[in-house]
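Chain by chain, the residues:
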Amino acid sequence: MAGLNSPTKQTHHRSCHLCEAMCGLEIETEGEQIVSIRGDKNDPWSKGYLCPKGNALQDIHHDPNRLRQPVKRTADGWEKISWEEALELTADAIVAVQKKHGNDALGVYWGNPPTHSHGTILTMLPFFNALKTRNRFSAASVDQLPKYLSSYLLFGNQVMFPVSDIDRTDYWLILGGNPVVSNGSITSAPNMRGRIKAIQQRGGQVVVIDPRCTETAQIASAHHFIQPGGDVLLLLSMLHLIFKEGKENLNHLASFTDGLDEIRSAVKPYPPEKVAPLIGIEASTIRNITHAFCAANSAVAYGRLGICQNPFGALCTWLINVLNMVTGNFDRPGGSMFTNPAYDLRQIAKLITGGGHYNQYTSRVRGLPEFSDELPTATMLEEVITPGEGQIKAMLLLAGNPILTTPNGSRLDEAFAELEFCVAIDFYITESTRHADVILPPTSPLEHSNYEIAVSNVAVRNVARYSKPLFQKPAGAKDDWEIIVDLMRQIEKKRGGLEGVIAPVKHAFFSKLKPDGIVGLGLRLGNQDITLNKLKETPHTVDFGPLQSCLPKALYTKNRRINLAQPLFLNDLKRVDEHFFAEAGSETNALKLIGRRHLRSNNSWMNRYHRLVKGRNRCTLLIHPKDAAERAITDKQQVEVSSKIGTISVEAEVSDQVMQGVVSIPHGWGHDLTDSHLQPSPYNAGVSVNNITDPALVDELSGNAVMNGISVEVSPAA
Ligand SMILES: Nc1nc2c(c(=O)[nH]1)N[C@H]1C(S)=C(S)[C@@H](COP(=O)(O)OP(=O)(O)OC[C@H]3O[C@@H](n4cnc5c(=O)[nH]c(N)nc54)[C@H](O)[C@@H]3O)O[C@H]1N2
Ligand SMILES: Nc1nc2c(c(=O)[nH]1)N[C@H]1C(S)=C(S)[C@@H](COP(=O)(O)OP(=O)(O)OC[C@H]3O[C@@H](n4cnc5c(=O)[nH]c(N)nc54)[C@H](O)[C@@H]3O)O[C@H]1N2
Ligand code: SF4
Ligand SMILES: [Mo]
């Protein structure tokens with residue numbers, strides 16, 4: 001590691017780990033200081049693109065409030081302690097709680113950042129298994145769980161995600177995604193704005209279906225408002241038309257795909273005229289979109305958070321796949337395709353979960369299904385507060401901030417305060433980690449290497465990249481994975497018996513091989529002709545080219561076939577009929593609440609940097625002028641927004657960018673809770689929308705939280 005932290009000016013190349021776009025960066029350092037961060041023009045993948053968050057990597061690294069040493073909560077505030085004491089204390093407490101109350105008394109929640117760190121991904125699952133608790137939760141079930149379920153059932157592997165081949169498509173239909181701001185998710189790439197413009201420049205179209213006229217909708221060829229939750233009907237109706245007009249065509253999928261007849265009859269009851277009044281899109285528009293989709297040389301439908309955090313998230317995900325398949329747009333250029341990753345996450349998923357499993361057990365209180373050893377995060381709160389055997393008495397938080405990011409955060413905040421023990425692996429004292437008895441802070445992301453083993457799996461081209469550390473880590477500091485394996489060893493040692501014997505062997509395996517070594521092995525077994533050493537010698541992203549057709553060979557299903565007519569999905573259509581057609585419409589004054597993201601946000605944890613948080617208040621309630629007028633609400637006025645769960649107060653932003661009947665508040669705000677002397681919060685704190693989202697609302701099939709389309713009342717603040 002000679003040369004790192006050297007006092008002379010140095011130029012480093014690295015990919016940004018903050019979102020799925022993986023932009024190549026050029027970073028100049030002088031000693032321990034970052035001098036500049038630019039998009040790397042010579043990176044074949046991102047070609048110089050970066051967003052404002054890329055620049056904020058220096059703020060994370062230099063932030064004096066970032067923890068660099070473990071801390072323990074005491075009556076007089078946070079006290080710095082040694083790693084030895086911190087690990088000992090944590091292992092003791094976890095072993096004691098589990099001994100006293102049973103293994104399930106420990107709850108585990110992990111958040112979004114581990115997705116972007118190979119060291120964490122590769123060690124945390126063995127660690128969680130060693131913890132032996134069923135109460136495992138993650139951000140996945142407030143996010144992409146419907147995608148896991150659909151991929152597991154259709155393709156035999158939960159992480160075999162179809163990706164929209166946007167660089168070659170002639171028609172991109174986006175349902176509930178805002179890639180211009182998010183840079184895409186499970187179809188990701190730098191510079192989505194440029195890529196959308198390129199589709200249009202080659203004569204193609206981009207059509208956005210969204211209750212808000214988003215930044216993506218604003219540059220799209222067409223945008224259609226939709227009632228939140230209406231996508232399932234739109235998709236059923238598009239399929240209805242395709243079958244009615246005899247346009248179904250599986251192309252090369254025909255020889256290994258079953259269930260077309262069942263789909264044909266399942267979509268029969270949903271003609272456009274029937275669904276149009278319920279979703280706010282006219283029947284003629286549904287016809288036009290369907291016809292244009294079928295007529296395009298290539299077309300691809302894509303859905304993201306707007307359809308995942310939706311009462312029919314799993315159904316929507318399935319139907320989007322079916323739509324791409326029956327229009328001949330699956331597994332072919334310009335359609336919906338799979339990556340061919342250099343490091344193949346699917347092989348890991350196969351090894352660890354057999355490709356996925358569903359409903360092998362259910363949550364204690366509500367009986368919601370597990371998916372691959374995790375329970376829906378919407379059940380976490382009730383598992384903490386409901387007495388009885390298996391009640392959560394202690395929590396381990398790994399890189400997550402559930403008090404701001406999961407439903408009914410304010411009640412969770414109260415519940416966490418009652419825990420017997422809480423430990424957080426995080427480098428900040430946050431709204432959630434402030435409840436920890438011990439915080440174990442990892443190194444700065446720039447102090448360790450990285451390979452995006454998860455996100456490379458969902459990029460729009462086949463790419464690979466090894467990022468070297470920029471800085472030498474301070475003496476004694478630990479990377480996330482080192483904290484994880486040290487804690488695992490400590491806990492297993494304390495438990496004794498056979499576990500105690502195996503503990504040092506497991507520890508030695510990870511410490512000797514290291515995450516880099518595991519990636520090196522994985523690359524040898526992967527799909528591209530590349531080794532870790534070769535990647536290490538390459539300063540930029542390695543681009544293996546566009547996505548390639550790979551079916552049926554790449555399927556993980558037992559018979560290497562796709563069965564479209566999945567009973568779980570077909571049966572779930574009953575719920576659609578009950579929801580939309582059976583219930584007598586009760587007229588209320590309620591508006592439907594949806595979320596939104598901003599280019600300078602990253603869920604809940606980056607509002608602490610001036611570069612990102614500066615400017616006007618972004619934590620506002622968007623409300624349509626007519627809805628505002630009806631309630632005597634004017635722009636910039638403080639309003640109260642109430643759901644079944646609670647009330648928050650927020651500034652109104654009157655705008656016709658949301659459809660009438662819908663209001664929007666971004667998540668990830670509400671930074672007024674932090675009670676630590678280490679955490680001054682000089683910026684706009686905002687308010688947490690998740691104080692009024694409702695854990696009772698889930699996509700009942702997958703268990704994913706419903707955070708869009710919540711019924712709320714809005715009125716001027718008293
Ligand atoms: N209402 C509403 N709620 C939402 C959403 C929404 O659209 N609307 N979106 C949901 C989605 S998609 C997601 S993914 C979740 C995200 O939910 P979470 O993952 O729970 O929240 P984050 O804000 O990403 O918090 C990440 C935490 O990890 C810490 N951290 C950052 N980097 C590292 C690291 O390298 N190591 C460690 N150990 N810690 C680190 C940060 O300090 C922070 O505390 O939010 C969800 N919540
Ligand atoms: N700048 C920035 N980028 C990010 C993040 C961030 O916080 N900030 N977070 C990252 C994460 S963790 C994720 S998962 C991705 C998410 O990536 P995206 O899904 O692209 O991001 P969102 O902005 O949540 O887009 C969801 C869209 O769905 C719409 N919507 C809400 N309800 C419905 C509905 O019922 N139907 C339809 N059709 N649309 C609906 C919303 O108006 C919104 O425009 O972004 C990632 N990138
Ligand atoms: S788009 Fe994503 S990867 Fe690129 S600089 Fe911004 S946060 Fe980083
Ligand atoms: Mo996410």
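What you see is a predicted model, and the numbers here were worked out from it, not measured in a lab.

### What to know about the overall build of the protein
Consideration 1: For the protein, the count of helices and strands is 24 helices and 28 strands.
Consideration 2: A globule of 718 residues ought to have a C-alpha radius of gyration of about 27 Å, and the protein, at 25 Å, matches this closely.
Consideration 3: Projected onto the principal axes, the alpha-carbon positions of the protein cover approximately 70 × 65 × 50 Å.
Consideration 4: When burial is assessed residue by residue, the protein has 62% of its 718 residues classed as buried.
Consideration 5: In the protein, the proportion of contacts linking residues at least 24 apart, taken out of those at least 6 apart, comes to 74%.
Consideration 6: Positive and negative side-chain charges of the protein, numbering 72 and 75 respectively, have mean locations separated by a distance of 5 Å.

### Examining the site of ligand 2
Consideration 1: Surveying the vicinity of ligand 2 reveals 30 residues, the closest of which are Ser182, Asp210, Gly229, Asp231 and His598.
Consideration 2: Here a nitrogen atom of ligand 2 and a side-chain polar atom of Asp231 are 2.6 Å apart.
Consideration 3: Backbone polar atom of Ser601 to a nitrogen atom of ligand 2: 2.8 Å apart, as the coordinates give it.
Consideration 4: Within the complex, the protein chains bury 97% of what would otherwise be the 920 Å² of accessible surface of ligand 2.
Consideration 5: For the shell around ligand 2, the secondary structure elements donating two or more residues are helix H6 (179–182) and helix H13 (305–308).
Consideration 6: Tallied by class, residues from the shell around ligand 2 come to nine nonpolar, 15 polar and six charged.
Consideration 7: Residues from two domains meet in the shell around ligand 2; each of domain 3 (162–337) and domain 4 (587–716) gives at least three.

### Regarding the site of ligand 3
Consideration 1: By nearness alone, every residue bordering ligand 3 is listed as Cys16, Leu18, Cys19, Ala21, Met22, Cys23, Tyr49, Leu50, Cys51, Lys53, Gly54 and Asn183.
Consideration 2: Taken together, the residues of the shell around ligand 3 sort by class into nine nonpolar, two polar and one charged.

### What about helix H22 (residues 567–582)?
Consideration 1: Under the 1.5 Å per step criterion, the end-to-end length of H22 is 22 Å for 16 residues, consistent within 8% with the ideal 22 Å.
Consideration 2: Every buried residue of H22 is accounted for by Phe569, Asp572, Leu573, Arg575, Val576 and Phe580.
Consideration 3: As for H22, its buried residues are in contact with helix H5 (145–155), helix H9 (231–244), helix H10 (260–266), helix H11 (272–279) and helix H14 (313–326).

### Brief notes about the environment of Pro442
Consideration 1: Assignment of secondary structure puts Pro442 in the loop between strand S19 (438–440) and strand S20 (461–464).
Consideration 2: Pro442 sits 156 residues away from Ile286 along the chain, and the two C-alpha atoms are 50 Å apart.
Consideration 3: When residues no more than four places from it in sequence are discounted, the contact partners of Pro442 are Leu67, Asp426, Phe427, Lys478, Asp479, Asp480 and Ile483.

### Some remarks on the sheet that holds strand S1 (residues 9–15)
Consideration 1: Strand order in this open sheet of three strands is S1-S2-S3, and the pairing throughout is antiparallel. Looking at strand neighbours, the two that pair on one side only are S1 and strand S3 (33–39), the edges of this open sheet. Across the sheet, the axes of successive neighbouring strands diverge by a mean angle of 25°, strand direction being ignored.

### Concerning the environment of Ser15
Consideration 1: As for its position among the elements, Ser15 is in strand S1.
Consideration 2: By relative accessible area, which is 6% here, Ser15 ends up buried.
Consideration 3: As a C-alpha pair, Ser15 and Val712 span 697 residues in sequence and 41 Å in three-dimensional space.

### Some details on the packing of aromatic side chains
Consideration 1: Evaluation of the coordinates by the stated rule reveals 17 aromatic pairs.
Consideration 2: Look at Tyr152 and Phe371: their rings are 5.8 Å apart centre to centre, the planes differ by 80°, and that puts the pair in the edge-to-face class. Here Tyr152 is found in helix H5, whereas its partner Phe371 is found in strand S16 (residues 369–371), with 219 residues between them in sequence.
Consideration 3: For the ring pair Phe509 and Phe510, a centre distance of 5.1 Å and an interplane angle of 80° mean the geometry is edge-to-face.
Consideration 4: Aromatic rings pair up to connect Tyr148, Tyr152, Phe161 and Phe371 into one cluster.
Consideration 5: Directly above the aromatic system of Tyr361 lies the positively charged group of Arg134, at a separation of 4.0 Å from the ring centroid.
Consideration 6: Cation over ring: Lys274 sits above Tyr270, and NZ or CZ is 5.7 Å from the ring centre.

### Some remarks on the side chain of Asn183
Consideration 1: Inspection of the secondary structure puts Asn183 in the loop between H6 and helix H7 (192–201).
Consideration 2: Residue classification places Asn183 among the buried residues on the basis of a relative accessible area of 2%.
Consideration 3: Ignoring sequence-local partners within four residues, the contact set of Asn183 consists of Cys19, Ala21, Tyr49, Ser188, Ala189, Asn191, Met192 and Leu599.

### Section: the pattern of salt bridges
Consideration 1: Using the criterion set out here, one finds 32 salt bridges in the structure.
Consideration 2: The closest approach of N and O atoms between Arg575 and Asp572, which form a salt bridge, is 2.7 Å. Remark: Asp572 and Arg575 occur in helix H22; sequence separation between them is three residues, near one turn of the helix.
Consideration 3: Its salt-bridge partner being Arg631, residue Glu630 comes within 3.7 Å of it at the nearest N-O pair.
Consideration 4: Among the ionic contacts, a cluster of salt bridges with common partners joins Glu88, Asp92 and Lys494.

### As for empty space enclosed by the protein
Consideration 1: All told, the structure shown has five cavities of 30 Å³ or more when counted by the stated rule.
Consideration 2: Every element with two or more residues in the lining of the largest cavity is listed here: H5, strand S8 (163–164), strand S13 (300–303) and H14.
Consideration 3: When its residues are assigned to classes, the lining of the largest cavity shows nine nonpolar, eight polar and one charged.
Consideration 4: Roughly 100 Å³ of volume is contained in the second largest cavity.
Consideration 5: For the lining of the second largest cavity, the residue count by class is 10 nonpolar, two polar and one charged.

### Brief notes about the nonpolar core
Consideration 1: Membership of the largest hydrophobic core comes to 152 residues, with the highest contact counts inside it found for Trp172, Leu173, Val232, Leu396, Leu440 and Leu551.
Consideration 2: Both domains that meet at this core, namely domain 2 (71–143 + 342–544) and domain 3 (162–337), each give it at least three residues.
Consideration 3: In this structure Leu396 touches Ile94, Leu106, Gly107, Val108, Tyr109, Phe127, Phe128, Leu131, Val423 and Leu487, once residues within four positions along its chain are discounted.
Consideration 4: Judged by nonpolar contacts, the second largest core, of 30 residues, contains Leu67, Tyr109, Leu368 and Ile429.

### Focus: H14
Consideration 1: Look at H14: 20 Å from first C-alpha to last across 14 residues, which is about the 20 Å you get at 1.5 Å a residue.
Consideration 2: Of all 14 residues in H14, 14 are buried, a share of seventy percent or more.
Consideration 3: Remark: Gly328 follows H14 within two positions and exhibits a positive phi of approximately 75°.

### Here's the deal with the packing of helix H4 (residues 118–131) against helix H19 (residues 480–495)
Consideration 1: Relative to each other, H4 and H19 sit at 20°, their axes nearing to 9 Å. By the angle between their axes, H4 is roughly parallel relative to H19. Remark: the crossing between H4 and H19 carries left-handed chirality. In contact with Gly119, Thr120, Thr123, Met124, Pro126, Phe127, Ala130 and Leu131 of H4, H19 contributes Asp480, Trp481, Ile484, Val485, Leu487, Met488, Ile491, Glu492 and Arg495.
Consideration 2: Per-class residue counts for the contact of H4 with H19 are 11 nonpolar, three polar and three charged.

### Here we look at the domain arrangement of the protein
The extent of an interface is frequently quoted as the accessible surface area lost upon association of the parts.
Consideration 1: Here the domain parsing of the protein yields domain 1 (9–62), domain 2 (71–143 + 342–544), domain 3 (162–337) and domain 4 (587–716).
Consideration 2: A straight line from the C-alpha centre of domain 1 to that of domain 4 covers 31 Å.
Consideration 3: Contacts between the two partners involve nine residues from domain 1 and, on the opposite side, nine residues from domain 4.
Consideration 4: Summed over both sides, the interface between domain 1 and domain 4 buries roughly 840 Å², with carbon and sulfur atoms accounting for 66% of that surface.
Consideration 5: Taken as a group, Pro52, Lys53 and Asp59 account for 54% of the area that domain 1 buries against domain 4, more than any other trio of residues on that side.
Consideration 6: Linking domain 1 with domain 4 are one salt bridge, by the criterion used here.
Consideration 7: Close ionic contact of Asp59 with Arg611 constitutes a salt bridge, the shortest N to O distance being 2.8 Å.
Consideration 8: Where domain 1 meets domain 4, there are three residue pairs in polar contact (both at pLDDT 80 or more).
Consideration 9: Of all the elements in the fold, those that place two or more residues in the side of domain 1 that touches domain 4 are helix H1 (52–55) and helix H2 (57–62).
Consideration 10: Classifying every residue of the side of domain 1 that touches domain 4 gives five nonpolar, two polar and two charged.

How each quantity is defined
- Every chain is numbered independently, its residues counted from 1 as its sequence is written.
- Working convention: letters from A go to chains and numbers from 1 go to ligands, in the order in which they are written.
- Thresholds applied to this predicted model are a pLDDT of at least 70 for local features of residues and 80 or more for the giving and counting of side-chain atom pairs; totals over whole chains, interfaces and linings are not thresholded and use all residues.
- The basis for the side-chain values is all heavy atoms of the structure; hydrogens and waters are excluded.
- Here a helix means four or more residues in a row that DSSP labels H or I, a strand means two or more in a row labelled E, and each is numbered from the N terminus.
- Each radius of gyration reported is based on C-alpha atoms, and the globular scaling rule is 2.2 Å times the count of residues to the power 0.38.
- Exposure is judged per residue with a 1.4 Å probe applied to protein chains only, and the accessible area is read against the type maximum: over 50% gives exposed, under 20% gives buried, and values in between give partly exposed.
- Contacts are assigned to residue pairs with any non-hydrogen atoms lying within 4.5 Å of each other.
- Think of it this way: Lys and Arg go in the positive column, Asp and Glu in the negative one, and His and the chain ends go nowhere.
- Think of each charge as sitting on NZ of Lys, CZ of Arg, CG of Asp or CD of Glu.
- Throughout, near means a residue has at least one heavy atom within 4 Å of the molecule or strand.
- A 3.5 Å cut-off defines polar contacts: any pair of N or O atoms within that distance qualifies, except that in protein one atom must be a possible hydrogen donor and the other a possible acceptor, and neighbouring residues in sequence count only when both atoms are side-chain atoms.
- Where accessible areas are quoted, they stem from the Shrake-Rupley method and a 1.4 Å probe; at the residue level, only the protein chains shown are allowed to cover.
- Lys, Arg, Asp and Glu make up the charged group, whereas Ala, Val, Leu, Ile, Met, Phe, Trp, Tyr, Cys and Pro make up the nonpolar group; the residues left over, Gly among them, are polar.
- Here the limits of each domain have been adopted from an automatic or database domain assignment.
- Residue count minus one, scaled by 1.5 Å, sets the expected span of a helix.
- Strands qualify as paired when DSSP identifies two bridges or more between them.
- To get an axis, a line is fitted to the C-alpha atoms, and for a helix only the part in contact is used. The angle between two axes follows their N-to-C directions and goes from 0 to 180 degrees.
- The aromatic pairing rule takes the rings of Phe, Tyr and Trp, using the six-membered ring of Trp, and pairs them if the centres are within 6.5 Å, calling planes under 30 degrees apart stacked, those over 60 edge-to-face and the rest tilted.
- We call a charge positioned above a ring when the Lys NZ or Arg CZ atom is no farther than 6 Å from the ring centre and deviates by at most 35 degrees from the ring normal.
- Any carboxyl oxygen of Asp or Glu within 4 Å of a side-chain nitrogen of Lys or Arg constitutes a salt bridge here.
- Here a cavity is any set of points on a 1 Å grid over the protein atoms alone where a 1.4 Å probe fits but cannot get out, and a pocket is any open set with protein on both sides within 12 Å along at least 5 of 7 lines; a residue lines the site when it has an atom within 4 Å of a point.
- Grid points are joined across faces, edges and corners, and a volume is the space filled by probe spheres set on the points.
- As used in this record, nonpolar core signifies buried Ala, Val, Leu, Ile, Met, Phe, Trp, Tyr and Cys residues forming a set joined through side-chain atoms within 4.5 Å.
- Orientation categories follow fixed angle ranges, with anything under 35 degrees roughly parallel, anything over 145 roughly antiparallel, 65 to 115 roughly perpendicular, and all other angles oblique.
- Crossings are classed by handedness, with left-handed meaning an anticlockwise turn of the near helix from the far one by less than a right angle and right-handed meaning a clockwise turn.
- Buried area: the accessible area, evaluated with a 1.4 Å probe, that two parts lose upon being put together, summed over both parts.

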